[in-house]
Amino acid sequence: MLLKLAITGIKQRFRDYVVLLMGLIISSGIFYIFASLAINTDFIKANSGISIAAQVFMFGMVLLLIITMVYVSYANTFLLSMRQHDYGLFMMLGAKKQNIGVLMVLETILLGGVASIIGIILGIGVSSVLSQFLFNQLGVTIHHFSPIYGPAMIDTLTVYVVLFALAAVLNLSKLMRTPVLKLLHVEDEATNVRVRPVLQALAAVLGIACLAIGYYAMAQIMTLQLTAIPIALVTITLGTYLLFSAIIGGVLTAIRKSRFAAKRLRTFTLAQINFRVRGYTRILTVVSLLFAMALGAISVGAGFQRQIPTMVASISSYTISIKDETPNEAKLAKQLHVKWQKSYQQTIQGDTAYYNEAAFAKQPFPMLANPAAKNDGRVKQFSLPEFKKKAIISSDFLALSPTSNHIRFLNNSDFNNLKGQKHQLTIIRVHSNVQDRKVLEKITASQQRRFHEPFFNLGGGYSGFVLFNNLFGGLEFMGFFLGIAFLAMLASCLMFKILSGANKDVVRYNMLNRIGVSQRLMKQAIWQEVGTLFIIPGVLGIIDVLFGLQMFKPLLYNPYEIVGWTILGFCMLYGLYAWLTISLYRRLVVPPMQLSK
Amino acid sequence: MQTTPIVDVKNLQKIYGAKKEKQYEALTDINFAVAPGEFVGIMGPSGSGKTTLLNLLSTLDVPTAGSVRINNQEVSHLKGKQLADFRAQQVGFIFQDFNLLESLTARENISLPLSLQDVPRSKTVAAVEEVAQTLSIADLLDKYPAELSGGQKQRVAAARALVHHPAIIMGDEPTGALDSKSARELLDLLSNINQQQNVPVLLVTHDPFSASFCDRILFIQDGRIKQELSRQGQARKDFYGQILEQLGTFEQ
């Protein structure tokens, strides 16, 4: 009988359960994805290139755990609010409290278990698609990465079941203390919104101080080293929370009292936002942090992606050199997107490499314009005498004859009469290493086979590209991967919280419909109300990131170089989530104008 | 003298359920009118069709057949913006459970119908003050609904229904959630406003005490108007007795 009642209960609130389950599945999926990277020590060691990556991941893991706890506690409050009326009814019908307790604990743990298993499966799917996509886009090779990672599965399942068991016990004690009648009539007592100016001002000042400390700590990462990260985490979290609770309420109250508010539904919308922001302080803090982390991770990933070509360009004027091109190599070279291509002849005699002066006069050899330290990757063609002076110290030029100790330039006739090993050299610069990486790899492999040269003796930008990709590709990949994962977590967190609050709003919008508020105005109000809930943490998150990128100054030339574009791209994705949430919310909340047709 | 009625209901019918399914006729051939300044009560037991009738009058539901004219306007075919405007301008509604927005202060709740019509702020302020004086809630204006008693909440709700001077006030068991003292106060207020401002009031109730404040009472049973009772200048106490008597015979 109880089971039948329980099933009916679920049927009636099917939509709410779908929201709840979806939220939990996404959250556990993301937890799994993160865990599959963070606890895979082989992967981190093999790909990070820098030693602090493992610690960064541990901090990330701790943070994600905290966020998950907040998330699960919200989910359970929501679950209890959905179920308590039923539980009350069961007790009215004579069910014992113990039976209800067992039912509730079982329900909760089952929900957590099912959600996390589906979440893990989803996580595996997303992880394989996303990683394949990123590998192709970024042109990096990642070692020891696998979407299916046993320990991460066990960890995710354990964390969720334990958290749900804890939540069930908490819910149980709450349930046992509540009288049956109260369970049957759970009216939300309206939270009293009172403005306490002194306290709020204090909170605002304290919040700004905390944020300042956090941002300063991140900027001083060189002196503070690793301690900067926990300092920043604590102060920024606290600062964001304080600022939210202090400022938003005050500002909204001020707007409400102004002339602006007295139009159409504005008073209502402002009051709704005020109400929400106060109730949502915790989740908005979490969201703004997640937003910052996701955007930060993507910015850093993009920074590395951006940095590799710059570094590659400054290493060498050309991308590859091909010695004595075979027909097959020539065919491959035709597939390249060539920026420029030059050919020279070379004669090796003993430990000296000889070149024909005339060839360089006719077809100057492009060299890097500036020496290493100041180099910006520009290429210049020098006059013959100047070239001859520079060539003997240019690593680009020296790389063309890796086994020779000396270089000589001869005039045309001397060169033609010279005996020795003759070689035809082709040097090519392509537009993009990433674009042509597969062809470049084949040509290089063929050259290596034929001349038995070690890879990095080949010279040219491509070898540098491979080197840097090995060094930074892992970080780049982690940045993008985690950024997108965090974004999904953040969006589902906020979406879930907002959708789960829809029940209370249904009543309000019903009333508005009765007193003659048009559908258009109601939809507009929802856009404004829910949109604001997305915008506020977004803005704070962007500010966090702008300061947070200070941390990466030791790693990147200019972490801010393309942050504008990453923010734009990120905001588009975030906007998509906001739009989805708003449309769903509207469907849940705005009543039809008339009951039946 | 023949005056145009504020509410004019003709051959009203409401059937629930799609054509091929099991149908249920909630209202059958309802005809009545409310004259300007009249205080009309609609009484009937649970399931008699009171709420359906009120929903049709307040345009919340659509009739299957027949016409509802309010203030010379056929309302059963209104749609979209016209419908919203009609609700916002012509009808003042008082609900049993107050239906105040708990996130707004009393003042903001009362101003809502005026804000919806983009009435200038200065006019809104004046109108709210005026209606608050009439309902003696001037000192409660800056409180939130959660800080008010049931009676105070209902007076705020009444103020919201009155502030934009609607053509008619409709009440759906407005005293249902009030104690007897607050209920009497509210009914006194309603009949005062009805008499002084000449606003017609349509009250749906099953409580004979509330009904005794009306000028005329329509008794509905099983979707039909079964009986009509006029006060005709009787004292309220006497009318109350008459209603009780009527209800008694009604249930036989």
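Conventions we followed
Residues numbered from 1 in each chain as written. Chains lettered and ligands numbered in written order. Predicted model: local features only at pLDDT ≥ 70, side-chain atom pairs only at ≥ 80, totals over all residues. Helix = DSSP H or I, 4+ residues; strand = E, 2+ residues; numbered from the N terminus. Buried ≥ 20, exposed ≤ 12 C-beta atoms within 10 Å, placed from the backbone. Contact = placed C-beta atoms within 7 Å. Pairing = 2+ DSSP bridges. Nonpolar A, V, L, I, M, F, W, Y, C, P; charged D, E, K, R; others polar. Core = buried A, V, L, I, M, F, W, Y, C linked by C-beta atoms within 7 Å. Expected span 1.5 Å × (residues − 1). Arc of directions from axis to C-beta. Axes fitted to C-alpha atoms, helices over the stretch in contact; angles between N-to-C directions. Parallel < 35°, antiparallel > 145°, perpendicular 65-115°, else oblique. Left-handed = near helix turned anticlockwise from the far one by under 90°.

Caption draft 1: A look at the overall build of chain B. For chain B, the count of helices and strands is 8 helices and 10 strands. Burial status across chain B gives 47% buried among its 252 residues.

Caption draft 2: The overall build of chain A, seen in detail. Each helix and strand in chain A was counted, giving 22 helices and 7 strands. Looking at the 597 residues of chain A, the share that counts as buried comes to 41%. Counted over contacts in chain A with a minimum sequence separation of 6, partners at least 24 positions apart contribute 84%.

Caption draft 3: Examining the sheet that holds strand β5 (residues 73-74) of chain B more closely. All names here are of chain B. Ordered in space as β2-β1-β4-β5, the 4 strands form an open sheet in which the pairing is antiparallel. The sheet is open, and its two borders are formed by β2 (24-34) and β5, each paired with just one other strand. With 2 bridges connecting them, strand β4 (residues 65-70) and β5 associate as antiparallel partners. Bridging from a neighbouring strand, Arg69 pairs with Glu74 of β5.

Caption draft 4: Structural detail: the interface of chain A and chain B. In this assembly, 25 residues from chain A lie in contact with 29 residues from chain B. Residue assignment for the side of chain A that touches chain B shows that the elements contributing at least two residues are α11 (266-279) and α20 (502-514) of chain A. The biggest single contributor to the side of chain A that touches chain B is α11(A), with 5 residues. Split by residue class, the side of chain A that touches chain B holds 11 nonpolar, 7 polar and 7 charged.

Caption draft 5: Layout of the environment of Thr235(A). All names here are of chain A. Checked against the element boundaries, Thr235 lands in helix α10 (residues 228-257). For Thr235, a count of 21 C-beta atoms within 10 Å gives the class buried. Taking the C-alpha atoms as reference points, Thr235 and Gly214, separated by 21 residues in sequence, lie 5.2 Å from one another. Aside from chain neighbours lying at most four places away, what touches Thr235 is Cys210, Leu211, Ile213, Gly214 and Ala217.

Caption draft 6: Quick look at the pairing of strand β7 (residues 421-430) of chain A. Residue and element names in this part refer to chain A. Relative to β7, strand β1 (residues 320-323) runs antiparallel, the two sharing 4 bridges. Looking at β7, one finds that Ile322 is bridged to Thr426. Inspection of the sheet shows strand β2 (residues 338-349) paired to β7 by 10 bridges, in the antiparallel sense. Across the sheet, the residue bridging to Ile348 is Gln421, located in β7.

Caption draft 7: Spatial organisation of the nonpolar core. Residues and elements named next belong to chain A. Within the largest apolar cluster, 220 residues are counted, with the highest numbers of intra-cluster contacts made by Leu290 and Leu490. For this core, the element with the highest residue contribution is helix α19 (residues 461-500), accounting for 24 residues. Those residues within four positions of Leu290 in sequence are excluded, and the remaining contacts are Ile67, Phe486, Met489, Leu490 and Cys493. Within the second largest apolar cluster, 7 residues are counted, among which are Tyr354, Tyr355, Phe365 and Leu400.

Caption draft 8: Layout of helix α4 (residues 121-134) of chain B. Residues and elements named next belong to chain B. Here α4 contains 14 residues, and its C-alpha end-to-end distance of 20 Å stays within 8% of the 20 Å for a straight helix at 1.5 Å per residue. Within the span of α4, buried status applies to Thr124, Ala127, Val128, Val131 and Ala132. Summarising the axial view, the buried residues of α4 lie within an arc of 130°, below the 170-degree limit, and thus occupy one face. The outward face of α4, more than 90 degrees from its buried face, is lined by the exposed residues Ser122, Lys123, Ala126 and Gln133. In this structure, the buried side of α4 is in contact with α3 (106-116) and α5 (150-162).

Caption draft 9: Structural view of the packing of helix α13 (residues 327-335) of chain A against helix α18 (residues 437-451) of chain A. Residues and elements named next belong to chain A. Direction vectors running N to C along α13 and α18 enclose 160°, while the axes themselves pass 9 Å from each other. When the interaxial angle is binned, α13 and α18 end up roughly antiparallel. Crossing of α13 against α18: the hand is left-handed. Contacts between α13 and α18 involve Asn328, Glu329, Leu332, Ala333 and Gln335 on the former and, on the latter, Val439, Lys442, Ile443 and Ser446. Split into classes, the residues belonging to the contact of α13 with α18 amount to 4 nonpolar, 3 polar and 2 charged.

Caption draft 10: Main features of the packing of helix α12 (residues 281-315) of chain A against helix α22 (residues 563-589) of chain A. Residue and element names in this part refer to chain A. At their nearest, the axes of α12 and α22 sit 9 Å apart, and the two run at 135° to each other. Of the possible angle classes, the one that applies to α12 and α22 is oblique. Crossing angle aside, the handedness with which α12 passes α22 is right-handed. Judged by residue contacts, Leu295, Ile298, Ser299 and Ala302 of α12 engage Val563, Thr566, Ile567 and Phe570 from α22. For the contact of α12 with α22, the residue count by class is 6 nonpolar, 2 polar and no charged.

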